[in-house]
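Fold and geometry: a report
Take a look at the letters that make up each chain.
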Amino acid sequence: MRQAEANSSLRLPYNLLHTTMYSSEGDGDRMTQWEQLTDAYGAATDVPVLLQALASTDNHESAYAHEELTARLAHQGSRSEASSHAALQLIEYLNSPNIPNKPRIIQLLADIAIGNVGDWLETDLQQLRREVAREESLSAQDLQLEVDAWISSGVTEEIREARRKNANFLDPVFVRNSKRWALEAYDAVKSGISTYRRSLWSSDPETCMWAAHLLGWFPELKSVLTVDLLKRAALDTNERISATICIALGLLGEDSLCNRFLHSSIFTKDAEIRWGGAIGLALIKDDPGRVALDALVECRLSGNKLHHDQPFPLGAFAHMLIEQDKAGAWRLRPGRVTSPGLRYASRGVEQ
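Heads up: these notes are all about the structure in this document. Note that this is a predicted model, so its numbers are computed, not measured. Numbering of residues begins from 1 in every chain and follows the order in which that chain's sequence is written. Reporting in this predicted model follows two pLDDT cut-offs: at least 70 for local features of residues, and 80 or more for side-chain atom pairs to be given and counted; totals over whole chains, interfaces and linings ignore these cut-offs and use all residues. To get the side-chain values, all heavy atoms of the structure are used, and hydrogens and water are removed first.

Let us look at the overall build of the protein. Helix and strand counts for the protein come out as 19 helices and eight strands. For every residue, the accessible area (1.4 Å probe, protein chains only) is compared with the maximum for its type, and the residue is labelled buried under 20%, exposed over 50%, or partly exposed between those bounds. Counting all 351 residues of the protein, 50% fall into the buried class. The protein chains shown are the only cover counted for residues, whose accessible areas, like all others here, come from Shrake-Rupley with a 1.4 Å probe. Counting every atom, the protein has about 16,600 Å² of accessible surface; 52% of that belongs to carbon and sulfur. Strands are runs of DSSP state E lasting at least 2 residues, helices are runs of H or I lasting at least 4, and numbering of each runs from the N terminus.

Residues Phe-169, Leu-170 and Val-175 make up a contiguous nonpolar surface patch of roughly 330 Å² in combined accessible area. As for its placement among the helices and strands, Val-175 is situated in helix α10 (residues 172–190). Accessibility expressed as a relative area gives 30% for Val-175, which makes it partly exposed. Put simply, a patch holds well-exposed residues, over 30% relative accessible area, that have no salt bridge, with like charges counted together within 9 Å and Val, Leu, Ile, Met, Phe, Trp or Tyr side chains within 5 Å. In the sections that follow, a salt bridge refers to a side-chain nitrogen of Lys or Arg positioned within 4 Å of a carboxyl oxygen of Asp or Glu.

So, on to the packing of aromatic side chains. Aromatic pairing here means that ring centres of Phe, Tyr or Trp (its six-membered ring) are within 6.5 Å. Orientation follows from the plane angle: under 30 degrees is stacked, over 60 is edge-to-face, and everything else is tilted. Tallied over the entire structure, the rule returns five aromatic pairs. A ring pair is formed by Tyr-186 and Phe-218, whose centres lie 5.0 Å apart and whose planes are at 40°; its orientation type is tilted. With Tyr-186 in helix α10 and Phe-218 in the loop between α12 (205–215) and α13 (222–234), this pair connects stretches of sequence that are 32 residues apart. With a relative accessible area of 1%, Tyr-186 lands in the buried category. When its relative accessible area of 0% is taken as the criterion, Phe-218 is described as buried. Between Phe-312 and Phe-317 the ring centres are 5.9 Å apart and the planes differ by 70°, which places this aromatic pair in the edge-to-face class.

Turning our eyes to something else, we now look at the nonpolar core. Remark: nonpolar core denotes a set of buried residues (Ala, Val, Leu, Ile, Met, Phe, Trp, Tyr, Cys) joined through side-chain atoms within 4.5 Å. Grouped together as the largest cluster of nonpolar side chains are 91 residues, with contacts concentrated most on Leu-90, Leu-109, Val-189, Tyr-196, Leu-296 and Leu-321. Only heavy atoms matter for contacts: two residues are in contact if any of them lie within 4.5 Å across the pair. If we skip the residues at most four places from it in the chain, Leu-90 touches Leu-51, Leu-54, Ile-105, Leu-108, Leu-109 and Ile-112.

Before going further, it helps to spend a moment on the environment of Trp-217. Mapped onto the elements of the fold, Trp-217 is located in the loop between α12 and α13. Of the residues examined, Trp-217 reaches a relative accessible area of 2% and is grouped as buried. For the pair Trp-217 and Ala-248, spaced 31 residues apart in sequence, the C-alpha separation works out to 7.3 Å.

To continue, consider the packing of α13 against helix α14 (residues 239–252). For any two helices packed against each other, one specifies the crossing angle of their axes together with the interaxial distance. Across the interface, α13 lies against α14 with an axial gap of 10 Å and an inter-helix angle of 160°. Considering the angle they form, α13 stands roughly antiparallel to α14. Between α13 and α14 lies a crossing of left-handed hand. Here Lys-222, Leu-225, Thr-226, Leu-229, Leu-230, Arg-232 and Ala-233 of α13 lie close against α14, whose contacting residues are Ile-245, Ala-248, Leu-249 and Leu-252. Throughout, the ten residues Ala, Val, Leu, Ile, Met, Phe, Trp, Tyr, Cys and Pro are labelled nonpolar, Asp, Glu, Lys and Arg are labelled charged, and all others, Gly among them, are labelled polar. A per-class count over the contact of α13 with α14 returns eight nonpolar, one polar and two charged. Here, axes are lines fitted to C-alpha atoms. For helices the fit covers the stretch in contact, and angles between N-to-C directions go from 0 to 180 degrees. Reported orientations rely on four angle classes, namely roughly parallel under 35 degrees, roughly antiparallel over 145, roughly perpendicular from 65 to 115, and oblique for the rest. Handedness of a crossing follows from how the near helix is turned relative to the far one, being left-handed for an anticlockwise turn of less than a right angle and right-handed for a clockwise one.

What follows concerns the pattern of salt bridges. Once their charged atoms are close, side chains differing in charge can pair, the charge on each being opposite to the other. Following the criterion strictly, the structure yields 22 salt bridges and no others. The partner of Asp-39 in a salt bridge is Arg-72, with the nearest N and O atoms 3.2 Å apart. On the criterion of sequence distance, the pair formed by Asp-39 in strand β3 (residues 38–39) and Arg-72 in helix α3 (residues 59–73) is long-range, its members being 33 residues apart. Looking at Asp-39, the relative accessible area reads 6%, which means it is buried. Through salt bridges with shared partners, one network takes in Glu-131, Arg-134, Glu-135, Glu-146 and Lys-179.

It is worth stressing that arrangement in space is one thing and function is another; only the former is reported here.
Structure (C-alpha cells):
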C-alpha cells in the first residue's frame, strides 16, 4: 500500500502522519527514522501511521492496522528490518493504561517474535544466534562462496542440480540479513518479558490468554515463566486461558510441577483443557500415555470447532503431533516437533 492510500483509508489526523516516532527506552529517548528502514513491501514509512492506528479507539481502524502490520512485519513468517523497531513501540503501548486493544497488540508481538509457528518450532535458537554472529562479518563474496560450496557438497548430480536451482532464487546477502532481522525481532519482543508477565494477571481474559501464549515462546527464561504460568493456572476457571497455559508450559519444557499439572489437565471434563494438556505432554514426552494420545485424536478430529481465535490452534497442533500408521492406528509422529525448551534444558542454557 502506498503512503497516500494508507492515509486516506485510515483518515488519521495530519499530525500523526510522521515518519519518526519517539519513545522512552532505558537510558533515554529513542527516535526511529522509519524512512531509513524497510518492511516486507519496501520503505517502512507507513509503519508509524499503522502503529498509531493500531492504538485507535476505532475498532475498524485498529483491526485494519493489525492486519497491515502483520503483513509488513511478519510477512509469511519472515521478519523485516523494521520488525524489531516496531516491537519496542508495541511494548510501550502495553505499558500505557490508556491504549486499548491490548490482546491485538500482544498477538502482533507474538507474530513478530516467532513468525510462522511451525517453522519456529523447528528453529534451533542457539544455532541461529551462532549463525548470525558468524555471518555478520562475511562479505557478499564470502557468502556466495559458501553457497557454491553447499552446492558442490551434494553427493549426487541430481542433488547438486536441485541446489543450483534453489540458489538461483536466493540472494545470500538477503538470506543473511533475514536471519539477523528474525533474531533482532525475537530479542526485541523478549525485552518486554516483564510487561507480559504483568499482562498475565490482567482482569481482561483476552489479554491474559494472549500473554500466556506469548510467554511460552521464551524457553530461555523457563524457570521464572513456568512458575508464573502455574500460579495463574491455579486461579483460573477460564477454559481458553487454561488450555493456552497448558501448551505454553509444554513449549517451555519439562518440569516436575509442570508435568503434574499437564497430567491432571488431560482428565478434566472440559475438552479444550484436555486437549491443551495432551498437546503440552506430547511436546515434552516421548510417550505421553494412552489418555493423552486419545485426547490428541479427539482434538485432531474435531477440526478445532470450539474456538477459531484460540492463540494456539489446537486442531493444527494435534495434526503436527500425531498420524495414522498403515493399519489406521493413531500414533505420535516420528520426528515430530518437540518443545523448544527441551533443547535448552539439555544444554543447560538460560539467560
